[in-house]
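Structural overview
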Amino acid sequence: MKKTILVSLVAMSQLAFSQVSLSKNKLVKDGQVYKASQYKEVFQNEQALIYYKKYRANSTVSQIFGAIGGGCMGYGLIKVLDGGEKLVSVDQYGVARTEKTKNEGWSMVGIGAGLVAIAIPFAISSKKNLNKAIDTENGKGTAFRPYFKLENAGAGVALSYNF
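Residues numbered from 1 in each chain as written. Predicted model: local features only at pLDDT ≥ 70, side-chain atom pairs only at ≥ 80, totals over all residues. Heavy atoms only, no water.

1. Notes on the environment of Lys132
The topology assignment puts Lys132 in helix α4 (residues 105-138). The spacing of Lys132 and Tyr51 is 81 residues in sequence and 6.5 Å in space, taken between C-alpha atoms. (Helix = DSSP H or I, 4+ residues; strand = E, 2+ residues; numbered from the N terminus.)

Shown next as structure tokens:
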């Protein structure tokens, strides 16, 4: 009877003090690996669930903008490397006449770079929300994390203390 109670107490303490971590885009809790879609089984804390949902939303937006931007940049580079010449006509002697066309490739590269630039803040935000979710679930404090930041301040450089 005493052994049964002891084993039960140890098992309950393991459940109460279990740690969540991340390993290759998989959630790990008590040595068991969960898929990212099984996050409701891993996170018991309501605030951690909110952070994880924000992580998923920001990650999805980041991946969409990044993929479309990368595709636009790739398509634009192909157009730039194509040369921008167009066959206009072939005369009766077999001589081809070509003329330079307006190359729209660089505009596509610029649009793609803009979309990738939009994706970067979403990716950074998603990483922060994932870390907050894991820290909240593990019982670590996430409220006060001051840091220094080097910023551009008009004509100079500024060092700011953020908290």
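2. A short note on the packing of helix α3 (residues 46-82) against α4
Taken N-terminus to C-terminus, the directions of α3 and α4 make an angle of 160°; their axes are 6 Å apart at the nearest point. Between α3 and α4, the angle is such that the two are roughly antiparallel. For the crossing formed where α3 meets α4, the hand is left-handed. In terms of residue class, the contact of α3 with α4 is built from 24 nonpolar, 14 polar and 4 charged. (Axes fitted to C-alpha atoms, helices over the stretch in contact; angles between N-to-C directions. Parallel < 35°, antiparallel > 145°, perpendicular 65-115°, else oblique. Left-handed = near helix turned anticlockwise from the far one by under 90°. Nonpolar A, V, L, I, M, F, W, Y, C, P; charged D, E, K, R; others polar.)

3. Looking at the side chain of Ser62
Note that Ser62 resides in helix α3. When neighbours within four sequence positions are excluded, Ser62 is seen to be in contact with Ala119, Phe122 and Ala123. (Contact = heavy atoms within 4.5 Å.)

4. Focus: the packing of aromatic side chains
Counted by the stated rule, this structure contains 2 aromatic pairs. Ring geometry for Tyr52 and Tyr55: centres 5.2 Å apart, planes at 50°, overall tilted. Taken together, the positions of Tyr52 and Tyr55, both in helix α3 and 3 residues apart, correspond to about one turn of that helix. The same class applies to Tyr52 and to Tyr55, which are both buried. Note on Phe65 and Phe122: the rings are 6.5 Å apart at their centroids and 15° apart in plane angle, and the pair reads as stacked. (Phe/Tyr/Trp six-rings, centres within 6.5 Å; stacked < 30°, edge-to-face > 60°. Buried < 20%, exposed > 50% of the residue type's maximum accessible area, 1.4 Å probe, protein only.)

5. Notes on the nonpolar core
Residues Val42, Phe43, Ala48, Leu49, Tyr51, Tyr52, Tyr55, Leu130, Ala133 and Ile134 constitute the largest nonpolar core, which totals 10 residues. Elements represented by at least two residues in this core include exactly α3 and α4. The leading source of residues in this core is α3, at 5 residues. (Core = buried A, V, L, I, M, F, W, Y, C linked by side-chain atoms within 4.5 Å.)

6. Concerning the pairing of strand β6 (residues 147-153)
Sheet topology note: the β6/strand β7 (residues 156-162) ladder contains 7 bridges and is antiparallel. Note that in β7 the partner of Phe148 across the bridge is Tyr161. The hairpin formed by β6 and β7 contains 2 residues between the paired strands, and Gly154 there has a positive phi angle of roughly 70°. (Pairing = 2+ DSSP bridges.)

7. Some points on the confidence of the model for the protein chain
Overall, the predicted model of the protein chain reaches an average pLDDT of 77, with 70% of residues at or above 70. α3 holds the highest mean pLDDT among the elements of the protein chain, 92, whereas helix α1 (residues 2-16) holds the lowest, 52. Under a pLDDT of 50 for its full length, residues 10-17 has, in the predicted model, 1 contact with residues more than four places off or in other chains. (pLDDT = per-residue confidence, 0-100.)

8. Brief notes about a positive patch on the surface
A cluster of basic side chains, namely Lys54, Lys128, Lys132 and Lys149, defines a positive patch on the protein surface. Along the polypeptide, Lys128 turns up in helix α4. (Patch = residues over 30% accessible without salt bridge, like charges linked within 9 Å, V, L, I, M, F, W, Y side chains within 5 Å. Areas by Shrake-Rupley, 256 points an atom, 1.4 Å probe, with all protein chains shown as cover. Salt bridge = Lys/Arg side-chain N within 4 Å of Asp/Glu carboxyl O. Lys, Arg positive; Asp, Glu negative; His and termini not counted. Charge placed at Lys NZ, Arg CZ, Asp CG, Glu CD.)

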